[in-house]
Amino acid sequence: MAKRRSESEFPKHEDTGEENQNRPPITRSVSEKRLKRHCGETAADSETVQDPDAPSGEEIADKERFVTPAIVSHDTDSPNCPGAPRILVLNQGANVENPPNASLSGRELLAPDAFLRTPPTVKSKVYLKLGEETYRGFNVFDKLSDEIILEVFHRLPRHMMCTCALVCRRWTRLVCDFSLWRRLDLRKKCIKPGVLKIVLERGVQILRASQCEVMGSFSSTVHGNPDPRSSPLSEDRMYRVQMLDLSMANVETNLVENLLRFCPRLNRISLEHIPISEALLMNLGQNSPHLQSLNLAMCTGTTGDGLKAIFTGCPWLKSLNISWTTMEGDDVRKVAKALPRQMLQLNISGYREKMTDEVVEDILERCPNLKILDLSDSTEVTDASVLKIPKALPHLQTICLSRCYRVNTQTILSLHHAPCLQSINVFGLMRDPSLAVLEEHMSKYRINKDPFSSVARPTPFNSRRHLIWGVSPSPRGLPVDPDSDLFFEY
C-alpha cells in the first residue's frame, strides 16, 4: 500500500503569480468532501484532483465501519453544519468496538434515521432505533402495586399531590384515594378560593385550619375546574370530616354556614373567635347529630335560640365552651335552662353581671353530671349559689371561680365536701397571704394550676405536642384507638 507523502516531499515553489495559476489544487480527503456535500456546498467546490497515494474506497469503508458518529462529531476541524442530524457523543452510549449497527457503512451510520434525536432537555437518555423497536427506557412504578405507591405518597407533603396528579392517569387516580387525605394540617396557611371544598371532597376526617385565611365563599371554585359537588365522588365521599378546627381563622360566615350543612359525621368542632350567625348554629344542630364537643369562645353573633337548636339536635353533646360571647342576659338565662343533662364539661365564664345566682342554680339543676365547671369573671355570683355546688355536683373534679369577687375565702374552703374535687382555680380573688393559707388547708387539691380553660378547646395551652383533641392532624400522625369515643363507625 502506498503511503501518504508528507509536505516536505512536494517540490517547493516560489510565491509568484504565474506559478500559482499553474499549481495543481490541493487534494481534499474523502471525509471532508462528504461533510461538505452534506452541508450543501456546490459541486464546483467539491471537485478535487485524486491523490495517487490516497487510500482506496474499500479501505475507507473498512475504517468507517469501526468509526462511530461519536468520533466524527469530535472532529474539531470540521465546520459547524446547521442542517446536520444530531449525533450522539461517547458518553451517550456509543460503543466504538461494537457499534449497534456495525453491519452498516459509514454513510448509513450518518443517516438521520440511524439514531433518533435526543430531546434537548434530556441529555442523559439514549434513544436508539434498533430494528422496529425504539428504546425509551422503562418506568419503575409500572411494576409496583397501588398499595406500594400509596405508601410512597404517604411520605410526601400534601402539596406535592398536585404535582403527582399531573404525571399520568394512574397517579391521578391514586392521588384521589381517601387514605391519603384522612388527616390534614393547614394551620396558618392561605387557602385559595374553592380549595377547601376540594380538600373536603378527598375525604378528610381530621382537618386543622386554625389561624388560616380562607379566601372566597362556599360557591367559589378553582379557576378552570368544575364545581367539586357536581363530580361523581361528591355524594359518597364528600364531607367525611369528624374533627374540624377553625379557631381564629379569617373566614366568611356564609362559607362556614353552608359548609356545616354537609357535615353529618362531625364529632368535634372549634369556631373560637370567628363571626357566626344563628343560621350557622341552626345548620350545626340539624345536620350534625353526633356532635360531642363545641367551642364557641369569643364568638360574635351567638344567640340563645341557636344554642337551643344545637341542644335539641345533638343529644351526644358533652363539652361546651360559650365563654366571652356577645349574648345578652336573656339569652344566658335561656341557655342555662336548656342545657342537656349529659353535659360533662361547661365553660360559661366572662358574662360579668349577666351571670347571677339564679342562672347558676339552673345550671346545677340541669347538669348534675358535670365534671368541669368554669364560672370565672361572674361578678354577680355570691356565696349562696357556690355553697350548693358540692351537693349538686357529686362528680365535680375542677371548678374555676377566678375574679368572682363576691365569693369569700370561707366559701371556697367549704368546697372540700365535694367527693371528687381535684382542682380549684381562684385567680385574682385573694392576695398572696390568703392564698398561702388556702393552700395550707387544702394541700391535697391543685390550687391555681390551670390559668386557661381547656374545655372543648382542640389544643390545651400546656400541651407539648400540636394535637387537636388528643389526635395528631398530620398525615403520619398517631394511631387512634378504635374503641375510643372520638370516632363513629358508619
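Under an unreviewed UniProt entry, the name given to the protein chain is S-phase kinase-associated protein 2 isoform X2, and the source organism is Aplysia californica.

Looking now at the pattern of salt bridges. Within this structure, the stated rule accounts for 11 salt bridges. Ionic pairing is found between K334 and D305, a salt bridge with its closest N-O pair at 3.2 Å. In this pair, K334 sits in helix α15 (residues 329-338) while D305 sits in helix α14 (residues 304-313), placing the two residues 29 residues apart along the sequence. Note on D305: relative accessible area 36%, which makes it partly exposed. Each of the salt bridges in this network shares a partner with another, and the network as a whole consists of D146, R170 and R173.

Moving on, we come to the environment of K318. Here K318 is to be found in the loop between α14 and β10 (319-321). Sequence separation between K318 and L346 is 28 residues; the distance between their C-alpha atoms is 8.4 Å.

The next point concerns α14. Of all the residues in α14, the buried ones are G304, G306, L307, A309, I310 and F311. For α14, the elements touching its buried residues are α13 (278-287), β9 (293-295), β10 and α15. For α14, the capping residue at the N-terminal end is T303, with a side-chain oxygen 3.3 Å from the backbone nitrogen of G306.

Taken in spatial order, the 11 strands line up as β3-β5-β7-β8-β9-β10-β11-β12-β13-β14-β15 in an open sheet, and their pairing is parallel. Looking along the sheet, the strands with just one partner apiece sit at the ends: β3 (183-185) and β15 (446-447). When strand β11 (residues 345-347) meets strand β12 (residues 372-374), the two strands line up parallel, connected through three bridges. Paired with L346 across the two strands is L373, which belongs to β12.

Let's shift gears to the packing of aromatic side chains. Applying the stated criterion to the full structure yields one aromatic pair. A centroid spacing of 5.3 Å and a plane angle of 80° characterise the contact between F153 and W171, whose relative ring orientation is edge-to-face. Here the residue F153 occupies a position in helix α7 (residues 146-154), and W171 occupies one in helix α9 (residues 169-175), the gap between them amounting to 18 residues. What makes F153 buried here is its relative accessible area of 1%. Directly above the ring of F178 sits R240, whose terminal nitrogen or CZ lies 4.8 Å from the centroid.

Relative to the helices and strands, S402 is located in the loop between β13 (398-400) and α19 (409-413). The class for S402 is buried, based on a relative accessible area of 4%. What S402 contacts, discounting residues up to four positions off in sequence, is S376, D377, N425, V426 and F427.

This part covers the packing of α14 against α15. As a packed pair, α14 and α15 sit with axes 9 Å apart at the nearest point and diverge in direction by 10°. Between α14 and α15, the angle is such that the two are roughly parallel. Contacts between α14 and α15 involve G304, D305, L307, K308 and F311 from the former and D331, K334, V335 and A338 from the latter.

Criteria and cut-off values
Residues numbered from 1 in each chain as written. Predicted model: local features only at pLDDT ≥ 70, side-chain atom pairs only at ≥ 80, totals over all residues. Heavy atoms only, no water. Salt bridge = Lys/Arg side-chain N within 4 Å of Asp/Glu carboxyl O. Helix = DSSP H or I, 4+ residues; strand = E, 2+ residues; numbered from the N terminus. Buried < 20%, exposed > 50% of the residue type's maximum accessible area, 1.4 Å probe, protein only. Contact = heavy atoms within 4.5 Å. Polar contact = N/O pair within 3.5 Å; in protein donor to acceptor, adjacent residues only side chain to side chain. Pairing = 2+ DSSP bridges. Phe/Tyr/Trp six-rings, centres within 6.5 Å; stacked < 30°, edge-to-face > 60°. Lys NZ or Arg CZ within 6 Å of the ring centre and 35° of its normal. Axes fitted to C-alpha atoms, helices over the stretch in contact; angles between N-to-C directions. Parallel < 35°, antiparallel > 145°, perpendicular 65-115°, else oblique.

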